[in-house]
Amino acid sequence: MPVVNRIAEFSKDMSEWRKHLHTIPELGQECHETSDFVADRLKEFGVDEIHRGFAKTGIVAIINGQGNGPTIGLRADMDGLPIVEATGLDYASQKPGKMHACGHDGHTTMLLGAARYLAETRNFSGRVALIFQPAEETGGGADVMVEEGIMDRFEISQVYALHNAPGTEAGSFRTTPGPIMAAVDTFHINIRGVGGHAAMPHNTRDPVMAAVSIAQAIQSIVSRNHFALDDLVVSLTQIHTGSIDNVIPDTAYLNGTVRSFRPSVQEMVIERMEMITAGQAASYGVDAELNYVKGYPATVNDPAKTAFAAEIAREVAGDARVQDDAEREMGAEDFAFMLNERPGAYLFIGQGHTAGLHHPQYNFNDEIAPVGASFFARLVERAQPAAVR
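Because the structure is predicted, anything quoted here is derived from the model rather than measured.

Colleague: Explain the pattern of salt bridges to me, please; I cannot follow it from the model alone.
Modeller: Opposite charge on two side chains lets them pair, provided their charged atoms get close. For the structure on display, the rule yields 25 salt bridges. The partner of Arg-116 in a salt bridge is Glu-120, and the shortest N-O contact between them spans 3.7 Å. Placement of both Arg-116 and Glu-120 in helix α4 (residues 104-121) is noted, with a separation of four residues, approximately one turn of the helix. Glu-120 gets classed as partly exposed once you look at its relative accessible area, which sits at 41%. The salt bridge partner of Glu-311 is Arg-382, with a shortest N-O separation of 2.5 Å. Here the residue Glu-311 occupies a position in helix α10 (residues 303-317), and Arg-382 occupies one in helix α12 (residues 369-383), the gap between them amounting to 71 residues. Residue Glu-311 is classed as partly exposed on the basis of its relative accessible area of 35%.

Colleague: Would you take a moment to explain the packing of aromatic side chains for this structure?
Modeller: The description of an aromatic ring pair rests on the distance of the ring centres and on the angle between the ring planes. In the structure shown here, the tally under the stated rule is eight aromatic pairs. For the pair Phe-173 and Phe-375, a centre-to-centre distance of 5.4 Å together with 35 degrees between the ring planes defines the contact as tilted. Within this pair, whereas Phe-173 is found in strand β6 (residues 173-174), its partner Phe-375 is found in helix α12, the two being separated by 202 residues in sequence. For Phe-375, a relative accessible area of 0% puts it in the buried group. Between Tyr-296 and Phe-337 the ring centres are 5.9 Å apart and the planes differ by 80 degrees, which places this aromatic pair in the edge-to-face class. Here Tyr-296, found in the loop between β13 (287-294) and β14 (299-301), pairs with Phe-337, found in helix α11 (residues 336-341); they are 41 residues apart in sequence, far enough to count as distant. As far as the burial class goes, Tyr-296 and Phe-337 line up, both buried. Three or more aromatic residues joined by ring pairs make a cluster, and in this case those are Phe-10, Trp-17 and Phe-45. A cation over an aromatic ring shows up here: Arg-174 above the ring of Phe-348, its NZ or CZ 4.5 Å from the ring centre. The ring of Phe-261 has Arg-328 lying over it, and the distance from NZ or CZ to the ring centre is 4.0 Å.

Colleague: Explain the sheet that holds strand β4 (residues 127-133) to me, please; I cannot follow it from the model alone.
Modeller: Neighbouring strands of a sheet are bound in pairs by backbone hydrogen bonds; such pairs are parallel or else antiparallel. Strand order in this open sheet of eight strands is β1-β2-β4-β3-β5-β16-β6-β15, and the pairing throughout is mixed. Single-partner strands in this sheet number two, and they are β1 (49-54) and β15 (322-323). Where β1 lies against strand β2 (residues 58-64), five bridges are found, and the strand directions are antiparallel. When the bridges of β2 are listed, Arg-52 appears paired with Ile-59. Helix α3 (residues 32-45) rests against β1, β2 and β4 of the sheet, and its axis sits at about 170 degrees to β1.

Colleague: Even after reading the chapter, I still don't get the pairing of strand β5 (residues 156-166), so can you show me in this structure?
Modeller: Moving residue by residue along a regular strand, the side chains alternate between the two faces of the sheet. Here β5 lies mainly inside the structure; nine of its 11 residues are buried. Here β5 runs beside strand β16 (residues 344-352); their pairing, made up of eight bridges, is parallel. Note on β16: the bridge partner recorded for Asn-164 is Ile-349.

Colleague: Explain the packing of α3 against α4 to me, please; I cannot follow it from the model alone.
Modeller: Each pair of packed helices gets described by two things: the angle between the helix axes and the distance between those axes. For the pair α3 and α4, the least separation of the axes is 9 Å and the interaxial angle reads 15 degrees. Here α3 is positioned roughly parallel relative to α4, judged by the angle of their axes. Of the two elements, α3 crosses α4, and the hand of that crossing is right-handed. Residues Phe-37, Val-38, Arg-41, Leu-42 and Phe-45 of α3 form the contact with α4, whose participating residues are Thr-108, Leu-112, Ala-115, Arg-116 and Ala-119.

Colleague: Can you help me understand the side chain of Thr-168 in this one?
Modeller: Relative to the helices and strands, Thr-168 is located in the loop between β5 and β6. On the basis of relative accessible area, Thr-168 is assigned to the buried category, the value being 18%. Discounting chain neighbours no more than four positions away, the residues touching Thr-168 are Arg-174, Gly-350, Gln-351 and Gly-352.

Colleague: Looking at this model, I keep getting lost on the nonpolar core. Mind explaining?
Modeller: Here is a general trend for soluble globular proteins: nonpolar side chains tend to be buried in one another's company. The biggest cluster of nonpolar side chains holds 64 residues, and the ones touching the most others in it are Leu-42, Leu-74, Leu-130, Phe-132, Phe-173, Phe-375 and Leu-379. The contact partners of Phe-375, leaving out residues within four places of it in the chain, are Leu-162, Phe-173, Ala-309, Ile-312, Ala-313, Val-316 and Leu-347. Counting residues in each nonpolar core, the second largest holds 26 residues, with Ala-55, Ile-131, Met-145 and Phe-335 among its members.

Colleague: What is the right way to look at the sheet that holds β13 in this model?
Modeller: With respect to topology, four strands assemble into an open sheet ordered β10-β12-β8-β13, the strand pairing being antiparallel. In this open sheet, the two strands that pair with only one neighbour each are β10 (232-241) and β13. Here the strands of the sheet are splayed against their neighbours by 15 degrees on average, with no regard to which way each runs. As paired strands, β10 and strand β12 (residues 251-260) are joined by nine bridges and run antiparallel to one another. The partner of Leu-236 across the bridge, within β12, is Gly-256. Helix-sheet contacts for helix α7 (residues 207-218) involve β8 (183-192), β10 and β12, and the interaxial angle to β8 is about 155 degrees. Here helix α9 (residues 263-284) sits on the sheet and contacts β8, β10, β12 and β13; the angle it forms with β13, its principal contact strand, is near 165 degrees.

Rules behind the numbers
Here the residue numbering is sequential within each chain, running from 1 through the sequence in written order. Two thresholds apply to this predicted model, a pLDDT of at least 70 for residue-level local features and 80 or more for giving and counting side-chain atom pairs, whereas whole-chain, interface and lining totals are computed over all residues. As a convention, hydrogens and water are excluded, and side-chain values are obtained from all of the structure's heavy atoms. A carboxyl oxygen of Asp or Glu within 4 Å of a side-chain nitrogen of Lys or Arg is what we treat as a salt bridge. To qualify as a helix, a DSSP run of H or I must reach at least 4 residues; to qualify as a strand, a run of E must reach at least 2; elements of each kind are numbered from the N terminus. Relative accessibility decides the category of a residue: with a 1.4 Å probe and only protein chains considered, values under 20% of the type maximum give buried, values over 50% give exposed, and everything between is partly exposed. The rule is short: rings of Phe, Tyr and Trp, with Trp giving its six-membered ring, pair when the centres are within 6.5 Å, and they are stacked under 30 degrees, edge-to-face over 60, tilted in between. Look at NZ for Lys and CZ for Arg. If either is within 6 Å of the ring centre and within 35 degrees of the ring normal, a charge sits over the ring. Strand pairing is defined by DSSP finding a minimum of two bridges between the two strands. Contact between two residues is taken to exist if any of their heavy atoms lie within 4.5 Å; hydrogens are not considered. Every axis in this analysis is a line fitted to C-alpha atoms, fitted for helices over the stretch in contact. Angles between the N-to-C directions lie between 0 and 180 degrees. The scheme is simple: roughly parallel for angles under 35 degrees, roughly antiparallel for over 145, roughly perpendicular for 65 to 115, oblique for anything else. We call a crossing left-handed when the near helix sits turned anticlockwise from the far one by less than a right angle, and right-handed when that turn is clockwise. The set of buried Ala, Val, Leu, Ile, Met, Phe, Trp, Tyr and Cys residues whose side-chain atoms join them within 4.5 Å is what this entry labels a nonpolar core.

Written out as structure tokens, the structure reads:
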């Protein structure tokens, strides 16, 4: 794979960093060991500033280039998942019930590799802001860091991120202008009826029947209430009620997720869910309450920055291994909050044919780490070229 020569020279170090990070997965904002490891490496590299404590354990590190200029932001997520690892690796998770099953150990490593190179060479103008973010999987660490003012404090003018993609050729890139990942919302419906003996349903107000009807009606939102060319997913993922075969319970609970791209579609879903919940509850004589929680917004790439990032990816990976008009995905990503504040782009880097994301046998492919680090490094050098002397 074509990578920056200097980064290729320390690729073995990158593999060691990544394997160590894989042994210490941490969740949410509680990425203390990970943050310490990252800060120690950054000190070794000689970055100019290390600012800690954003979103509790996040880091923003600054590398100054040659002369004045803007600040470009590069982001990597650091947190793991509450999954029991099943890889059998000699560097498997040492934290029971926690695992780097989404490759954030690799994302952190790629940004560390770029940091080492950029701190050594400084072949750019202005500054680089290295953003090491906790709580991507849960908690919206990107939103927290934005709310804490990192974009304004460090005068970040544009921002970029990479995510590995299993099932895609190793070291390839794909992205698209505009929306690339969906907004993600969660809904909870609590139903309260009157339970009783299953042999005498006439003496009850059955929450089970109401739950089943609400569940079926919700699925009609996609097929009957929205324009077919606007992407929308409504998935019911939990139904909990009852505990024995001869008792009609008092309560039922429904839960699920909604994925969309347009705010108008999101608002339509909320309106229809409210109407369905109230209407079905009335028809069965039960009480039902909908709690609809808006989550991460859609991840929207700036068209010009995406075209530029794809150009850099071609320099690193070659024309044939870069797709700049990829189909958008219904998954979600909290990098959306950063892109809402500053123009930039989110790209996928091919992981090869491995276990999928969030799978207990997943393992980041160390061969692609120098490719991702080279992408970040060349992005900075091309976006903010050093003054000719």
